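# Summary of structural features
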Amino acid sequence: MPLTSKQMLSIIRNGLARTPHPKKIIVVGAGMAGLVTASLLKEAGHEVVILEATQRVGGRIYTLREPFVDDLYLDVGAMRIPSHHELVIEYIKKFGLEINAFVNTTPNDIIFANGVKTTRKNYQQHPDILRYPVAPHEKGKTAGQLLLAAIQPVIDYIQQDPLKHWQQVIRQFDRYSMETFLRYNPVGASLSSGAVELCKVLLGLEGFPNLSFPAILRELLPLLTPNMLFYEIKGGNDHLPQAFMSQLKDNIFLNQQMIKISQEPHQVTIHSIHTQSQRPLQTTGDLVILTIPFTMLKFVEIEPRHSFSHNKRKAIRELHYVPSTKIGLQFRHRFWEGEGLKGGSLATDLPIRFAYYPSHLIGSTGSGIVLASYTWEDDTLSWDNIPEPDRIRNALDNLATVHGEQIYDDFLVGASHSWSQYRYTGGAAFSMFKPNQETDLYPSIYTPEGRVYFAGEHTSTHPAWIEGAVQSGIRVANDVNYLL
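Residues numbered from 1 in each chain as written. Predicted model: local features only at pLDDT ≥ 70, side-chain atom pairs only at ≥ 80, totals over all residues. Heavy atoms only, no water.

Note the following rule: UniProt positions are given in the numbering used here, feature names are shortened, and annotations may be inferred rather than shown by experiment.
Where an unreviewed UniProt entry is consulted, the protein chain appears under the name Putative L-amino-acid oxidase YobN, with the organism given as Pullulanibacillus camelliae. Its UniProt record gives the protein chain a comment under Cofactor (unreviewed entry), which states: "FAD".

### Topic: the overall build of the protein chain
The test is simple: Runs of E in the DSSP output that reach at least two residues are strands. Runs of H or I that reach at least four are helices, and both are numbered from the N terminus. What the globule rule says is 2.2 Å times the number of residues to the power 0.38, and the radius of gyration is computed from C-alpha atoms. When a residue's accessible area, from a 1.4 Å probe over protein chains only, is under 20% of the maximum for its type it is buried; when over 50% it is exposed; and in between it is partly exposed. Note on areas: these come from Shrake-Rupley sampling with a 1.4 Å probe, and a residue is covered only by the protein chains present in the view.
The number of helices and strands found in the protein chain is 19 helices and 23 strands. Here the C-alpha atoms of the protein chain give a radius of gyration of 23 Å, agreeing with the 23 Å that 2.2 N^0.38 yields for 484 residues. Its C-alpha atoms put the protein chain at 70 × 55 × 40 Å along the principal axes. Expressed as a percentage of its 484 residues, the buried residues of the protein chain come to 60%. Accessible area for the protein chain stands at about 20,300 Å²; split by element, carbon and sulfur atoms hold 51% of it.

### Describing the sheet that holds strand β1 (residues 24-28)
Selection criterion: Strand pairing follows a simple DSSP-based rule, namely that at least 2 bridges must link the two strands.
One open sheet holds the five strands; their spatial order is β10-β2-β1-β14-β23, and the pairing between them is parallel. Each end of this open sheet is capped by a strand with a single partner; those strands are β10 (252-253) and β23 (452-454). Here three bridges tie strand β14 (residues 287-290) to β23, and the two strands are oriented parallel to one another. Its bridge partner being in β23, I289 is matched across the sheet by Y453.

### A few points about the side chain of Q437
The line we're drawing: The contact definition used throughout considers only heavy atoms, calling two residues in contact when any of these lie within 4.5 Å.
Position of Q437 relative to the elements: it lies in helix α18 (residues 437-445). Sequence-distant contacts of Q437, that is, excluding residues within four places in its chain, are made with D174, E318, L319, H320, M432 and Y442.

### Describing the packing of aromatic side chains
Threshold: Stacked, edge-to-face and tilted are the three classes for Phe, Tyr and Trp ring pairs, Trp counted by its six-membered ring, which pair at centre distances within 6.5 Å; planes under 30 degrees apart are stacked, over 60 edge-to-face, the rest tilted. Placement of a positive charge over a ring is assigned whenever Lys NZ or Arg CZ falls within 6 Å of the ring centre and within 35 degrees of the normal to the ring plane.
Considering all chains together, one arrives at 24 aromatic pairs under this definition. Residues Y91 and F95 carry aromatic rings whose centres are separated by 5.9 Å and whose planes lie at 20° to one another, so their mutual orientation is stacked. What makes Y91 buried here is its relative accessible area of 1%. Judged by relative accessible area, F95 falls into the partly exposed class, the value being 27%. Centroid distance F173 to F213: 6.1 Å. Interplanar angle 85°. Geometry classified as edge-to-face. Here F213 lies in helix α9 (residues 213-224) and F173 lies in helix α6 (residues 162-173), a separation of 40 residues in the sequence. An aromatic cluster of three or more residues is present, and its members are F331, F335, W336, Y357 and F411. A cation over an aromatic ring shows up here: R56 above the ring of Y62, its NZ or CZ 3.8 Å from the ring centre. One Lys or Arg, R65, reaches over the ring of Y73 and ends 5.6 Å from the middle of that ring.

### Considerations on the packing of helix α1 (residues 5-14) against helix α3 (residues 86-94)
Relative placement of two packed helices is described by the angle separating their axes and the distance separating the axes. Heads up, the rule is: Between the N-to-C directions of two axes lies an angle of 0 to 180 degrees, each axis being a line fitted to C-alpha atoms and, for a helix, fitted only over the stretch in contact. Note that the term roughly parallel is reserved for angles under 35 degrees, roughly antiparallel for angles over 145, roughly perpendicular for angles of 65 to 115, and oblique for everything else. Two helices crossing with the near one rotated counterclockwise from the far one by less than a right angle form a left-handed crossing, whereas a clockwise rotation gives a right-handed crossing.
Direction vectors running N to C along α1 and α3 enclose 20°, while the axes themselves pass 10 Å from each other. One element, α1, and the other, α3, form an angle in the roughly parallel class. Helix-helix and strand crossings are classified by hand; for α1 and α3 the assignment is right-handed. Residues S5, M8, L9, I12 and R13 of α1 lie in contact with α3, whose contacting residues are E86, L87, E90, Y91 and K94.

### Comments concerning the sheet that holds strand β9 (residues 230-233)
Where strands meet in a sheet, backbone hydrogen bonds hold them as pairs that are either parallel or antiparallel. Read across the sheet, three strands follow the order β5-β9-β6 without closing on themselves; strand pairing throughout is antiparallel. Since the sheet does not close on itself, it has two edges, and those belong to β5 (81-82) and β6 (99-101), each with one partner. In this structure, β6 lies alongside β9, joined through three bridges in antiparallel fashion. In the strand pairing of β9, A101 is matched with Y231.

### Overview of the pattern of salt bridges
What counts is decided by this rule: Here, a salt bridge means any side-chain nitrogen of Lys or Arg that lies within 4 Å of a carboxyl oxygen of Asp or Glu.
Within this structure, the stated rule accounts for 14 salt bridges. Ionic pairing is found between E457 and R60, a salt bridge with its closest N-O pair at 3.0 Å. Taken together, the residues span a long stretch of sequence, with E457 in the loop between β23 and α19 (466-481) and R60 in the loop between β2 (47-51) and β3 (63-64) at a distance of 397 residues. R60 gets classed as buried once you look at its relative accessible area, which sits at 19%. Across the pair E179 and K200 runs a salt bridge, and its minimum N-O distance is 3.4 Å. Of this pair, E179 sits in helix α7 (residues 178-183) while K200 is found in helix α8 (residues 193-202), placing the two residues 21 residues apart along the sequence. By relative accessible area, which is 15% here, E179 ends up buried. A cluster of three or more residues bridged by salt bridges with shared partners is formed by E179, R183 and K200.

Spelled out as structure tokens, the structure:
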């Protein structure tokens, strides 16, 4: 029986029951799933060893501090925490971390599309200002209104009984991509080609249209919820994984890249190499918990081969991951605040696609960092194929198109991070299903294979969020703790 949210919150607060059968457990990956799993199991009395391929903890929570100056930073991985993600919030409280509001949207948000610059407030009052070729009956409606008109019957159905009806929505609509659903709506009004284009540009769907309708819907719901609050951790979101270090620092081995898993009847061995010295290491335990993306698990030898089922191997090969690239630009003066932008975002059809203005230090003097480009899936490919200096120059040029050439005088330094080119995620920023994958693959993603267990955002009901990683870590720790 799956753990309820209430039970998971209790486990964060009180831990798991002390085990009468302590085991040696190897956790592969020191992202949030691995840290949560290891922390709970160590508290419960197990011997825990954590193998991490990089030189840091946190996984896809990654706060970039260099080459920026003035002690400023940019979260190039997970950057916002929805207020209803109660497991993450509970860990933040447990560690006594401070949070700021992450200002996701404001009425002053800039929209720059089809060569038209306007504000979110003005666009909502005059939706046709952007001149998209929508059908006559779609005129006078915003992208959000058009999208909601198409998907509202599904949302209403889910809200009647979320646990039960989500599963029925998956069974019924998993075969649809988002774009196919919007164009050939099986439950409501279909959208014209122009309306679909408008939604893709303004709502961030342009990189995603060929992915699964339920998967995209799951991502959109928090962002479409009126008055949804978001948070960020003061000083950078990497303070959350770092908070586990006082308990786990003696259990973590950094720079250890797994290359082979050997299962035997009564034990399992992880073969790894030190990423710098290339020195091999063998770590043997009773159980292994893998928290790394399947994109990296593809390259790991499994011995014997049949110790992983056919369906698990299929899931490892086929599960879709979304690449993402972020580009941060630091400016001497916070010119955007002079334009009334205090947090919030820019949506544009320029290559940068989405920008976010910092929510911390609002009203302060001195420099600031704009997340000048946040792209994903198809939209990120053009950025990943150019070198770092060209990324920074092009992002600055795009931002100047919106804000004016005077911003060149304030520019200090820029940096980018491409998850598709990051060595230890294999192109993965987060997992997201293609059509039919949730139906075909999900039951095999999280199930154990002999002495090998699985955690990570891709194994959860909240993929792509920190909440999913935490949820999966609690689930697998609970499962393992009560094994005889």
